[in-house]
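In case you want the letters, here they are:
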Amino acid sequence: MKTNPLKFVIPTNLPVGRQGAGIQIMIVNQKDSCFRRNDNRLKFYPLFNTLKFTAVFLILLFSINTSAQESLSLEACYSLVNKNYPLVKQSNLLTKQNKLDVAIIKTGKLPTLDFSAQATYQSDVIELPITIPNVTIEPPNNDQYKATLSVQQLIYGGGLIDATIEAKDAALKTQQKQVEVNLYQLKKQVNQLYFSILLLQEKKALLAAKKTQLETTLKEVRAGVKYGMLLPASDNVLEVELIKIEQQFKELAITKKSLIETLSKFIGQKISTTIILENPIVSNNLKRELNRPELDLFQLQKEQITASEKLLAKKNLPKLVGFATGGYGNPGLNMLDNSFQSYYIAGLKINWNIFDWNATKTAQKSLKINKEFIDNQQEIFELNTNVELNQQQAEITKISTFIASDETIITLRKKILKSAKSQLKNGVITSSAYVTELTNLYEAENNLSTHKIQLLLAKANYKTTKGE
């Protein structure tokens, strides 16, 4: 019987309403009667292939989605800490508080209104000790009444209000920078958590590779036991080692979960236990140029003291105030008129503390000592930071040396394990001896992985200490 070839094509010019129907089957050289007899059955082939194509597509899409895993970078952790850590709220609270304080200070430029009312009874009043002919002067009443409304307006305050506002703004900048410093100090804790989790990832990967190798060897050993080439209990040693590996997997999972929960609290975001942390690319730049926020804090503290010095100098300048008082009482300003009268008083007054017993000069000396104290703190900070950088640089050099020797050890261990595996197959050594060599290789690879993570951590800490 002569068969006809089939070709799968994707239709590109289907009628409207059938576009995208899927893959259809086209029959080439339809001369065979068998295909002609099955024309009705062939009508269902396009639909069948469309369904099949759709199913395959959905399976592939589902596989891609399930295989994609959530990942997190070190820089993202830094960013989330600066965004979500509870300490961040303090910066906004300080800003709100400063706005309220400044609004209160500015009211010093607005007029003040004072209302006062009183009723008194006096045991004695003013009387003339002489008598004037044809003139009768009645003394004031013993009961007197007075109500006044006073207005005061600062005309010139010597710049005291503006200086007070500047001092408040300088204090705000210092406080906000202190919040930034406290947040920056969290970076080292984030580094420790991040690289600890990263190390567990690497250990898990190495453990999985060891498990795979053991499982492969176990199959070969079982085959050797089955055919009498190896001792009957040879596979039991490998099975025990696999059980130990499962225990190690559980231990790693528990430790990782604990570390992830702690990191989640720092960054303020829920992290899945299946998350994959990215290996950060840390530069080898070991320059000593410090760019820490603490240096900016020291500078802002000195600027705050400068603002306080200006405020102190303004306090003793003369202040000009305008005032007016309107009143109604009995008696009024005319003490000899025993009737209720309205009256007013208006004028200007100057307040000037000419001599304050050198209190201002003493306060200025105290502020100068504060500046020297801040300079001393900065000097100590820079010294301690440079000492820490020296220690971290020595740690980086030491770990780099370990990595070079680790790679040599692994190369030799692989050769030894290869020889041990061959000897195990030939019954020259026992399974225990093979497991020992496999464990030795695993430990060497684990040391290399640990040293690589430690090197990344040391570089990240160096970068953090330097202020990058």
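Everything below is about the structure shown above.
Keep in mind the model is a prediction, meaning the values are calculated, not measured. Numbering of residues starts from 1 in each chain and follows the order in which that chain's sequence is written. With the structure being a predicted model, the display of local features is reserved for residues of pLDDT at least 70 and the display and counting of side-chain atom pairs for 80 or more, all residues being used for whole-chain, interface and lining totals. Side-chain measures here rest on the full set of heavy atoms in the structure, leaving out hydrogens and waters.

**Observations concerning the overall build of the protein chain**
Within the protein chain, the regular secondary structure consists of 11 helices and 8 strands. Partly exposed residues are those whose accessible area sits between 20% and 50% of the maximum for their type, while under 20% is buried and over 50% is exposed, using a 1.4 Å probe and protein chains only. In the protein chain, which comprises 468 residues, the proportion classed as buried is 32%. Contacts between residues were defined by any pair of non-hydrogen atoms, one from each residue, lying within 4.5 Å. Within the protein chain, contacts between residues separated by at least 24 positions form 79% of all contacts whose residues are at least 6 apart in sequence. Of the roughly 30,200 Å² that the protein chain leaves accessible, carbon and sulfur atoms contribute 58%. Each helix is a run of H or I in the DSSP string that is no shorter than four residues. Each strand is a run of E no shorter than two, and both are numbered from the N terminus. Computed with the Shrake-Rupley method and a 1.4 Å probe, the accessible areas treat only the protein chains shown as cover for residues.

**With respect to the pattern of salt bridges**
Oppositely charged side chains may form a pair once their charged atoms are brought near each other. We define a salt bridge as a contact between a side-chain nitrogen of Lys or Arg and a carboxyl oxygen of Asp or Glu at a distance within 4 Å. Taken as a whole and judged by the stated rule, the model has 17 salt bridges. Between K177 and E180 there is a salt bridge; the shortest N-O distance is 2.9 Å. In this pair, K177 and E180 both sit in helix α6 (residues 160-184), 3 residues apart, roughly one turn of the helix. Take K177: its relative accessible area is 14%, and that puts it in the buried class. Between E294 and R292 there is a salt bridge whose closest N-O contact spans 2.9 Å. Here the two residues E294 and R292 agree in accessibility, since each one is buried. One continuous salt-bridge network, built from bridges that share partners, spans K177, E180 and D296.

**A closer look at the packing of helix α5 (residues 89-106) against α6**
Contact geometry for α5 and α6: axes closest at 10 Å, N-to-C directions at 175 degrees. As the angle between them shows, α5 and α6 are arranged roughly antiparallel. Here α5 contributes Q90, S91, L94, T95, N98, D101, V102, I105 and K106 to the contact with α6, which in turn contributes I161, T164, I165, K168, D169, L172, Q175, Q176 and V179. Considered class by class, the residues forming the contact of α5 with α6 number 7 nonpolar, 7 polar and 4 charged. Fitting a line to C-alpha atoms yields each axis, with helices limited to the stretch in contact; the angle taken between N-to-C directions then spans 0 to 180 degrees. Roughly parallel covers angles under 35 degrees, roughly antiparallel covers those over 145, roughly perpendicular covers 65 to 115, and oblique covers all other angles. When residues are grouped by polarity, Ala, Val, Leu, Ile, Met, Phe, Trp, Tyr, Cys and Pro land in nonpolar, Asp, Glu, Lys and Arg in charged, and all others, Gly among them, in polar.

**Things to note about helix α10 (residues 359-425)**
Take the residue count of a helix, subtract one, and multiply by 1.5 Å to get its expected span. Taking 1.5 Å of rise per residue, the 67 residues of α10 would be expected to cover 99 Å, and the 95 Å separating its terminal C-alpha atoms lies within 8% of that figure. Once α10 finishes, G427 follows within two positions and takes phi at roughly 75 degrees, a positive value.

**Here's the deal with the side chain of K187**
With respect to the secondary-structure elements, K187 resides in helix α7 (residues 187-226). We count Lys and Arg on the positive side and Asp and Glu on the negative side, and we leave His and both chain ends out. The charged side chain of K187 is buried without a salt bridge, its nearest counter-charge being E75 at 6.1 Å. Beyond its immediate stretch of four places on either side in the chain, K187 contacts Y78, T464 and E468.

**Here we look at the sheet that holds strand β7 (residues 319-330)**
Note on pairing: two strands pair once DSSP finds at least 2 bridges between them. Pairing within the open sheet is antiparallel, and its 4 strands lie in the order β4-β5-β7-β8. Strand pairing shows two members of the sheet lacking a second neighbour, β4 (112-121) and β8 (341-351), which therefore form its edges. The sheet shows a mean angle of 20 degrees between the axes of neighbouring strands, direction not considered. Sheet topology note: the β4/strand β5 (residues 143-156) ladder contains 10 bridges and is antiparallel. Counterpart to A119 in the pairing with β5 is Y145.

**Considerations on the packing of aromatic side chains**
Ring pairs shown here join Phe, Tyr and Trp side chains whose ring centres sit within 6.5 Å, with only the six-membered ring taken for Trp; geometry is labelled stacked below 30 degrees between planes, edge-to-face above 60, and tilted in between. Inspection of the entire model under this criterion finds 6 aromatic pairs. Each ring, one from Y85 and one from F266, has its centre 6.1 Å from the other, and the planes form 20 degrees; the classification is stacked. Pair noted here: Y85 is in the loop between α4 (74-84) and α5 and F266 is in helix α8 (residues 234-267), with a separation of 181 residues, a long-range link. With relative accessibility at 24%, the residue Y85 sits in the partly exposed group. Given a relative accessible area of 13%, F266 falls into the buried group. The structure contains a cluster of three or more aromatic residues connected by ring pairs, namely Y145, Y328 and F340. Counting as a charge over the ring demands two things of the Lys NZ or Arg CZ atom: a distance within 6 Å of the ring centre and an angle within 35 degrees of the ring normal. The ring centre of F323 lies 6.0 Å from the NZ or CZ of K349, which sits over that ring.

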